[in-house]
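Understanding the architecture of this molecule
These are the residues of each chain, in order.
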Amino acid sequence: MKKIVFLILITLASTFVFSQNFEGKISYQNTYKSKLTNMTDQQFTDMLGSTQEYFIKNGDYKSVLNGKLMQWQIYNNAENKLYTKMSNSEKAIWNDASVQGDEILKMEVNKNTIEILGSICDVIILTCKSGIQKYYFSSKIAVDAKLFVNHKFGNWFDFISKSNALPLKIVVENAQFIMTSIANEVKSMQLNKNIFELPIGLITEKSPY
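Notes on the structure in this doc start here. Computed from a predicted model, the values in this text were never measured in an experiment. (Residues numbered from 1 in each chain as written. Predicted model: local features only at pLDDT ≥ 70, side-chain atom pairs only at ≥ 80, totals over all residues. Heavy atoms only, no water.)

**Points about the overall build of the protein chain**
What the protein chain contains, in helices and strands, is three helices and twelve strands. Counting every position in the protein chain, which comprises 209 residues, the buried fraction comes to 50%. Contacts spanning at least 24 positions in sequence make up 58% of the contacts within the protein chain whose residues lie at least 6 apart. Put simply, the protein chain shows about 9,800 Å² of open surface, and 49% of that area lies on carbon and sulfur atoms. Here the protein chain contributes 23 positively and 19 negatively charged side chains, and the mean placements of these two sets differ by 2 Å. (Helix = DSSP H or I, 4+ residues; strand = E, 2+ residues; numbered from the N terminus. Buried < 20%, exposed > 50% of the residue type's maximum accessible area, 1.4 Å probe, protein only. Contact = heavy atoms within 4.5 Å. Areas by Shrake-Rupley, 256 points an atom, 1.4 Å probe, with all protein chains shown as cover. Lys, Arg positive; Asp, Glu negative; His and termini not counted. Charge placed at Lys NZ, Arg CZ, Asp CG, Glu CD.)

So this is what it looks like as structure tokens:
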């Protein structure tokens with residue numbers, strides 16, 4: 001179970017990051033394909049959530065999920081910490097985003113692979129120790145990679161430094177499951193910075209994973 005939780009943290013970190021060039025909310029639809037005999041597709045969906053709302057402003061981001069286990073994540077750019085809140089604990093755990101936690105073995109780029117929300121997307125494929133990560137992105141949606149130069153966790157900066165654009169679709173495959181996340185709405189709006197603050201009185205502790 002500890003290994004599954006760690007892979008979930010890596011997966012979510014790979015999924016929920018955007019840049020200062022976009023401020024607003026992105027809505028996603030998530031699906032899961034289990035590789036475990038003791039976990040069904042529906043169990044992963046119930047645990048992690050089939051939908052997520054992602055908010056971004058000036059390098060800080062917050063993701064809210066409808067899963068029974070996974071509730072939200074907040075990335076504090078100044079601290080370079082990723083906070084994760086699960087329903088089975090009153091505490092939020094945090095990861096040092098400078099620690100990659102994975103290793104990229106090969107990187108590939110394929111052009112004009114799919115159309116998402118009216119944009120033709122290229123794909124960057126990362127073959128990693130943890131599995132395979134595919135990021136579909138459009139150059140129309142620019143990203144300031146410098147904001148995330150210290151965000152190694154989840155192989156994020158490796159991707160963003162090559163694409164300079166945010167992903168509209170992500171497929172992450174590891175030993176436990178295949179997760180596919182596709183944007184179904186991108187809404188630009190001005191956000192109050194308070195949305196990225198941790199709840200008052202929340203206890204935090206360093207992730208053991």
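Next comes the rest of the account.
**As for the environment of Met86**
Here Met86 shows up in strand 5 (residues 81-86). Taking relative accessible area as the criterion, Met86 reaches 9% and is therefore assigned buried. Sequence separation between Met86 and Leu69 is 17 residues; the distance between their C-alpha atoms is 5.4 Å.

**Examining the sheet that holds strand 6 (residues 92-96)**
A sheet is described by the order of its strands in space; here twelve strands give the open sequence 7-8-9-10-11-1-2-3-4-5-6-12, paired in mixed fashion. Single-partner strands in this sheet number two, and they are strand 7 (104-116) and strand 12 (204-206). On average, each strand axis in the sheet is tilted by 20° relative to the strand beside it, whichever way the strands run. Strand direction decides the pairing type here: strand 6 and strand 12, joined by three bridges, are parallel. In the strand pairing of strand 12, Ile93 is matched with Glu205. The strands touched by helix 2 (residues 41-48) within the sheet are strand 1 (24-34), strand 3 (60-65), strand 4 (70-76) and strand 11 (177-188), with strand 1 carrying the most contacts at an inclination of about 150°. Running over the sheet, helix 3 (residues 156-163) touches strand 7, strand 8 (119-128), strand 9 (132-142) and strand 10 (165-173) and is turned about 140° from strand 10. (Pairing = 2+ DSSP bridges. Axes fitted to C-alpha atoms, helices over the stretch in contact; angles between N-to-C directions.)

**Overview of unusual backbone geometry**
Even without glycine at this site, Asn58 takes up a positive phi of about 50°. Mapped onto the elements of the fold, Asn58 is located in the loop between strand 2 (51-57) and strand 3.

**As for helix 2**
Taken residue by residue, helix 2 has Phe44, Thr45, Met47 and Leu48 as its buried positions. Viewed along the axis of helix 2, the buried residues span an arc of 165°, placing them on a single side of the element. Positioned one or two residues after helix 2, Gly49 has a phi angle of 105°, which is positive. (Arc of directions from axis to C-beta.)

**What about the side chain of Ser119?**
Counting through the fold element by element, Ser119 comes out in strand 8. Excluding residues that lie within four positions of it along the chain, Ser119 makes contacts with Ile114, Ser138, Lys140 and Leu168.

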